[in-house]
Amino acid sequence: MLYFNWLRSSSRQLFMMLVGLPFLMAVSGCGYHLRGVTQLDPVYARVYVQGMASSDPVYQQLQQLFLNTHSQLVDNPIGATATLVIDDNQVFQRAAVVTPQATVQQYELYQRIRYHMVFADGKRTPERYIGQARNYNYDPTGVLASSSNETQISQELAQTLARLLFYRLNAPVTGSSMIVPEDKSAQ
């Protein structure tokens, strides 16, 4: 009799764990969706990107980030509240690990973007840089796999750089850090 009572209580506990554990995991995992919408400064309501093609992976990732805000990337500078000017966007690849037999085992992919913002009133921010590097393994016998790995690393770089750029836009811009356009009437 005591054995049956123990069996009933342990099976009840097992049932509660089997049903309750997945429920608790599902409830704890949904906090990501409760974060809400990021709202940028109204100065960035309509941003035009100059110096970067819309097919560039960084641009596409930036466009995805803007979808979560009350702002948008626009295709035309007319009516834009701000212009993100990409002065330079370079991707470098260099050998990171070389064997004693002079074969490359690992490459480093580095991307650097130099940019500044121009606002509707003519004020602009100083030039700024963001950059990221990623290493990936290279196997000369598996060229197809290595090129696939490089493509994936390039996408990760684009995602990271777009997020960094987006976070920089989220940072408050102080008047003291702005460059005021020269007054041509005073000359």
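Residues numbered from 1 in each chain as written. Predicted model: local features only at pLDDT ≥ 70, side-chain atom pairs only at ≥ 80, totals over all residues. Heavy atoms only, no water.

Examining the packing of aromatic side chains
In this description, a pair of aromatic rings is defined by centroid distance and the angle of the planes. The test is simple: Ring pairs shown here join Phe, Tyr and Trp side chains whose ring centres sit within 6.5 Å, with only the six-membered ring taken for Trp; geometry is labelled stacked below 30 degrees between planes, edge-to-face above 60, and tilted in between. In DSSP terms, a helix is any run of H or I states spanning at least four residues, a strand is any run of E spanning at least two, and both are numbered starting from the N terminus. Burial classes: relative accessible area under 20% of the type maximum marks a residue as buried, over 50% as exposed, and values in between as partly exposed (1.4 Å probe, protein chains only).
On inspection of all chains with the given rule, the structure shows 5 aromatic pairs. Relative to Phe119, the ring of Tyr44 lies with its centre 5.9 Å away and its plane at 55°, an arrangement referred to as tilted. Taken together, the positions of Tyr44 in the loop between helix H1 (2-29) and strand E1 (46-50) and Phe119 in strand E4 (residues 104-119) put the pair 75 residues apart, joining distant regions of the chain. Exposure remark for Tyr44: the relative accessible area of 3% places this residue in the buried category. Owing to a relative accessible area of 10%, Phe119 belongs among the buried residues under this scheme. Put simply, the rings of Phe66, Phe166 and Tyr167 pair up and form one aromatic cluster.

Details of the sheet that holds E4
The following threshold applies: When DSSP locates at least two bridges between a pair of strands, those strands are taken to pair. Lines fitted to C-alpha atoms define the axes here, with helix axes fitted over just the stretch in contact, and angles between the N-to-C directions of these axes take values from 0 to 180 degrees. Any two residues having at least one pair of non-hydrogen atoms within 4.5 Å are treated as being in contact.
Pairing is mixed across the open sheet formed by 5 strands, whose spatial order is E2-E1-E3-E4-E5. One side of each edge strand has no neighbouring strand; the edge strands of this open sheet are strand E2 (72-74) and strand E5 (128-137). Strand-to-strand twist of the sheet, defined as the mean angle between neighbouring strand axes without regard to direction, takes the value 35°. In terms of strand pairing, E4 meets E5 through 10 bridges, oriented antiparallel. By the bridge assignment, Glu108 is partnered in E5 with Asn135. Lying over the sheet, helix H2 (residues 57-67) contacts E1, E2, strand E3 (82-98) and E4, oriented at roughly 135° with respect to E2.

As for unusual backbone geometry
In this structure, Ala102 is a non-glycine residue whose phi angle is positive, near 65°. Inspection of the secondary structure assignment puts Ala102 in the loop between E3 and E4.

Quick word on the pattern of salt bridges
To be explicit about the condition: Salt bridge, as used here, is a side-chain nitrogen of Lys or Arg placed within 4 Å of a carboxyl oxygen of Asp or Glu.
All chains considered together, the criterion is met by 3 salt bridges. Across the salt bridge formed by Asp88 and Arg112, the nearest N and O atoms sit 3.7 Å from each other. A residue pair is termed long-range when its members are at least 10 positions apart, and Asp88 in strand E3 and Arg112 in strand E4 qualify at 24 residues. The class for Asp88 is buried, based on a relative accessible area of 18%. Where Arg94 meets Glu108, a salt bridge forms, and the shortest distance between an N and an O atom there is 2.8 Å.

Thoughts on the side chain of Thr69
What counts, and what does not: Pairing of N or O atoms within 3.5 Å defines a polar contact, subject to two protein rules: one partner must be a possible hydrogen donor and the other a possible acceptor, and residues neighboring in sequence count only if both atoms are side-chain atoms.
Tracing the backbone through its elements, the reader meets Thr69 in the loop between H2 and E2. For Thr69, the side chain forms a polar contact with the main-chain oxygen of Phe66, separated by 2.8 Å. There is a polar contact of 3.0 Å between the side chain of Thr69 and the backbone nitrogen of Ser71.

Description of the nonpolar core
The cut-off we apply is this: The term nonpolar core refers to a set of buried residues drawn from Ala, Val, Leu, Ile, Met, Phe, Trp, Tyr and Cys, joined through side-chain atoms within 4.5 Å.
Tyr44, Leu62, Phe66, Leu84 and Ile113 are the most contacted members of the largest nonpolar core, which totals 25 residues. Where this core is concerned, the elements lending two or more residues are E1, H2, E3, E4 and helix H3 (143-170). If you tally residues by element for this core, the top one is H3, at 6 residues. Other than its neighbours up to four places away in sequence, Leu62 contacts Leu73, Leu84, Ala162, Leu165 and Phe166. Of all hydrophobic cores here, the second largest spans 6 residues; its members include Val104, Tyr107, Tyr136 and Ile153.

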